[in-house]
Amino acid sequence: MKKIAIATVMLAFLGGAGTPEAFSNPEPREISGSWLLEDLAGRGVIDRSQITLEFGDGPKVSGTAGCNRYFGSMERVASEVINSGPFASTQKICPPALMNQEQAFLRSLEQAKSLRLEGPFLYVDVAEQERPLKFSPLTASPAGLSAVTGTVSYLQRRALPPGTVVTVSLQDVTQQDVPAVSIAEKSMTLGGKQVPIPFSLGYDPLLIKPDQRYTVHATIELDGQVLFTSSSPSPVITDGNPQTVELILEQP
């Protein structure tokens with residue numbers, strides 16, 4: 001009986017009639033790229049508020065929280081989050097509903113405990129919340145991904161130190177009496193690179209409406225301090241405007 005038991009165990013370990021691969025774990029899918037929030041812990045998302053999560057180098061994460069841009073770190077071991085936040089953000093004031101949603105999102109992100117991919121979706125499990133944050137790939141679109149391209153520069157004779165961050169955003173500025181709505185955003189950390197700085201900002205064309213107006217905005221920051229910023233609008237995409245622009249920034 002002992003020999004039969006041992007043989008049975010060995011057969012199971014080797015896969016029996018199958019193969020050893022049947023007992024091996026599949027390679028974990030790498031979590032990277034840019035993601036768009038679809039559901040905030042069961043509360044949905046305010047229409048067109050565009051909350052994003054972008055994974056950068058190492059633990060760095062950034063994105064837009066619906067009103068303000070945020071950045072920080074999310075340290076992970078495999079799919080487990082061992083430390084997240086706190087996140088720094090810009091200080092733009094938006095309508096109360098957007099601000100409340102933004103604060104709830106950042107609080108949830110700071111309490112993240114694990115990440116998991118299920119099909120095309122990314123779920124961020126949050127401590128003391130029954131429902132996770134649900135994201136879809138920002139590049140997901142039946143029509144494919146489009147891009148605004150160009151360069152970021154300034155006229156002053158000034159070198160940029162390593163660690164400088166360039167952020168380019170595509171904004172819906174149709175309604176003049178409300179803050180611009182971010183459609184897409186990308187941050188780049190410069191390792192000594194100088195202007196002109198090329199960029200390619202991907203966006204979902206399904207978010208673009210022909211009768212609305214869009215501009216590209218850029219900032220150059222160091223340690224959270226704005227060194228240069230867009231001072232005039234740079235229209236793109238609709239109303240005959242181009243998809244390639246040269247952004248000349250000025251000191252704030």
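This one's a predicted model, so the numbers in the text were calculated from it and none came from an experiment.

Examining the layout of surface pockets
Taken as a whole, the largest pocket spans an internal volume of roughly 510 Å³. The wall of the largest pocket is formed by 23 residues, among which K60, F71, V165, S187 and T189 lie closest to the centre. When contributions to the lining of the largest pocket are tallied by element, the ones reaching two or more residues are strand 2 (52-55), strand 3 (60-64), strand 4 (69-77), strand 11 (165-172), strand 12 (181-189) and strand 14 (214-222). Its residues assigned to classes, the lining of the largest pocket shows seven nonpolar, nine polar and seven charged.

Looking at the pattern of salt bridges
In this structure the tally under the stated criterion is four salt bridges. Among the salt bridges present, the one from E118 reaches R116, with a minimum N-O distance of 2.5 Å. Classification of R116 as partly exposed rests on a relative accessible area of 28%. Here the residues in one salt-bridge network are R69, E185 and E221, joined through shared partners.

Concerning the packing of aromatic side chains
Taken as a whole and assessed by the stated rule, the structure comprises four aromatic pairs. Arranged with centres 5.8 Å apart and planes meeting at 70 degrees, the rings of Y70 and F105 form a pair that is edge-to-face. Note that Y70 is positioned in strand 4 and F105 in helix 2 (residues 96-110), a separation of 35 residues in sequence. Three or more aromatic residues link up through ring pairs in this structure, and these residues are Y70, F87, F105 and F135.

A few points about the state of the cysteines
The full count for this structure, using the stated rule, is one disulfide. With a sulfur-sulfur separation of 1.9 Å, C67 is cross-linked through a disulfide to C94. Across the disulfide from C67 to C94, rotation about the S-S bond amounts to roughly 80 degrees, and the bridge is consequently right-handed. With C67 in the loop between strand 3 and strand 4 and C94 in the loop between strand 6 (88-89) and helix 2, this residue pair connects regions lying 27 residues apart in the sequence. Residue classification places C67 among the buried positions, given a relative accessible area of 7%.

Brief notes about helix 2
Here helix 2 contains 15 residues, and its C-alpha end-to-end distance of 21 Å stays within 8% of the 21 Å for a straight helix at 1.5 Å per residue. For helix 2, the complete set of buried residues consists of L98, M99, Q101, E102, A104, F105, L106, S108 and L109.

Details of the nonpolar core
One finds V152, V168, L170, F199 and I220 to be the most contacted residues of the largest nonpolar core, which totals 27 residues. Of all the secondary-structure elements, those providing two or more residues to this core are strand 10 (146-154), strand 11, strand 12, strand 13 (197-203), strand 14, strand 15 (225-229) and strand 17 (244-249). If sequence neighbours within four positions are ignored, I220 has contacts with V152, Y154, L160, T164, V165, V166, Q225, V226, L227, F228 and L249. Ranked by size, the runner-up nonpolar core spans 24 residues in total, among them I31, L53, V61 and F87.

Describing the confidence of the model for the protein chain
Of the residues in the protein chain, 85% reach a pLDDT of 70 or more, and the chain-wide mean stands at 83. Segment residues 1-27: pLDDT under 50, and six contacts once partners within four positions in sequence are set aside and those in other chains are kept.

The rules behind the values
Residues numbered from 1 in each chain as written. Predicted model: local features only at pLDDT ≥ 70, side-chain atom pairs only at ≥ 80, totals over all residues. Heavy atoms only, no water. 1 Å grid on protein atoms, 1.4 Å probe; cavity = no way out; pocket = protein on both sides within 12 Å on 5 of 7 lines; lining within 4 Å. Points joined across faces, edges and corners; volume = space filled by probe spheres on them. Helix = DSSP H or I, 4+ residues; strand = E, 2+ residues; numbered from the N terminus. Nonpolar A, V, L, I, M, F, W, Y, C, P; charged D, E, K, R; others polar. Salt bridge = Lys/Arg side-chain N within 4 Å of Asp/Glu carboxyl O. Buried < 20%, exposed > 50% of the residue type's maximum accessible area, 1.4 Å probe, protein only. Phe/Tyr/Trp six-rings, centres within 6.5 Å; stacked < 30°, edge-to-face > 60°. Disulfide = S-S within 2.5 Å. Expected span 1.5 Å × (residues − 1). Core = buried A, V, L, I, M, F, W, Y, C linked by side-chain atoms within 4.5 Å. Contact = heavy atoms within 4.5 Å. pLDDT = per-residue confidence, 0-100.

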